[in-house]
Amino acid sequence: MNARRGSGFSLIELVVTLAILALLASVAVPFAQLVQQRQKETELREALRQIRSALDAYRQGVKEGRIESPADGNGYPPDLDALWQGVADKTKPDASKLYFIRRLPRDPFFPDPAVPPSTTWGVRSYASPPDAPAVGRDVYDVYSLSAKTGLNGVPYREW
């Protein structure tokens, strides 16, 4: 009878083991969420950098006379899709296009993956004030539509 009792685990040993596993899981889950949020923030930072560089390159193309722009325009593209779909290069008669970005990145914090990338961003026109971004005839800047705040304490809309 003694040999039978020593061959298995007691109820106390199982409860203690489960408590230790629960403690480890309660520490690991928030850490994994933090890592995921940092990864999305890195993606957001890189996407904003790519789009803003493409907007600046478009404006430079207008200044150089390579892109047709309205007389009363300020040199920024009419929409985000012009950056990746390309615009006609008016200095080359063979109808070649100028492309400013290979593909338009999505806002990583936008919840619906089925929405086209250009609609995942908030758009600010050149004529709108910085503290109240509004859509207009052109795209001067982009921002995240997320209402969340970053790990640095700054809302994603203000990045």
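Residues numbered from 1 in each chain as written. Predicted model: local features only at pLDDT ≥ 70, side-chain atom pairs only at ≥ 80, totals over all residues. Heavy atoms only, no water.

**Points about the side chain of aspartate 141**
With respect to the helices and strands, the residue aspartate 141 is situated in strand β4 (residues 141-144). On the basis of relative accessibility, which here comes to 19%, the residue aspartate 141 falls in the buried class. Looking at aspartate 141, its side chain comes within polar contact range of the side chain of arginine 52, at 2.8 Å. With residues up to four places along the chain from it excluded, the contact list for aspartate 141 reads Arg52, Leu55, Gly122, Val123 and Arg124. (Helix = DSSP H or I, 4+ residues; strand = E, 2+ residues; numbered from the N terminus. Buried < 20%, exposed > 50% of the residue type's maximum accessible area, 1.4 Å probe, protein only. Polar contact = N/O pair within 3.5 Å; in protein donor to acceptor, adjacent residues only side chain to side chain. Contact = heavy atoms within 4.5 Å.)

**Side note on the layout of surface pockets**
Counted as a void, the largest pocket has a volume near 250 Å³. Per-class residue counts for the lining of the largest pocket are 8 nonpolar, 6 polar and 4 charged. If you add up the space inside the second largest pocket, you get close to 190 Å³. Residue lining of the second largest pocket: Arg52, Arg124, Pro130, Pro133, Asp141, Val142, Tyr143, Arg157, Glu158 and Trp159, and that is the complete set. Here the element with the most residues in the lining of the second largest pocket is β4; it accounts for 3 residues. Residue composition of the lining of the second largest pocket, grouped by class: 5 nonpolar, no polar and 5 charged. (1 Å grid on protein atoms, 1.4 Å probe; cavity = no way out; pocket = protein on both sides within 12 Å on 5 of 7 lines; lining within 4 Å. Points joined across faces, edges and corners; volume = space filled by probe spheres on them. Nonpolar A, V, L, I, M, F, W, Y, C, P; charged D, E, K, R; others polar.)

**Observations concerning the pairing of strand β3 (residues 121-124)**
The side chains of a regular strand alternate between the sheet's two faces. Here β3 shows a buried face lined by Trp121 and Val123 and a second buried face lined by Gly122 and Arg124. Sheet topology places β3 next to β4; 4 bridges connect them, and they run antiparallel. The partner of valine 123 across the bridge, within β4, is valine 142. (Pairing = 2+ DSSP bridges.)

**Details of the packing of aromatic side chains**
One pass over the full model with this rule turns up 6 aromatic pairs. Pairing tyrosine 76 with tyrosine 126 gives two aromatic rings, centres 5.8 Å apart and planes at 25°, and the pair type is stacked. Taken as a pair, tyrosine 76 in the loop between α2 (11-63) and α3 (81-85) and tyrosine 126 in the loop between β3 and β4 lie far apart in primary sequence, 50 residues in all. Note on tyrosine 126: relative accessible area 43%, which makes it partly exposed. Between tyrosine 126 and tyrosine 140, the aromatic rings sit 5.3 Å apart at their centres with planes inclined by 75°, giving edge-to-face as the arrangement. Separated by 14 residues along the polypeptide, tyrosine 126 in the loop between β3 and β4 and tyrosine 140 in the loop between β3 and β4 bring together distant segments of the chain. You can call tyrosine 140 partly exposed: its relative accessible area is 29%. An aromatic cluster of at least three residues, connected via ring pairs, comprises Tyr76, Tyr126 and Tyr140. (Phe/Tyr/Trp six-rings, centres within 6.5 Å; stacked < 30°, edge-to-face > 60°.)

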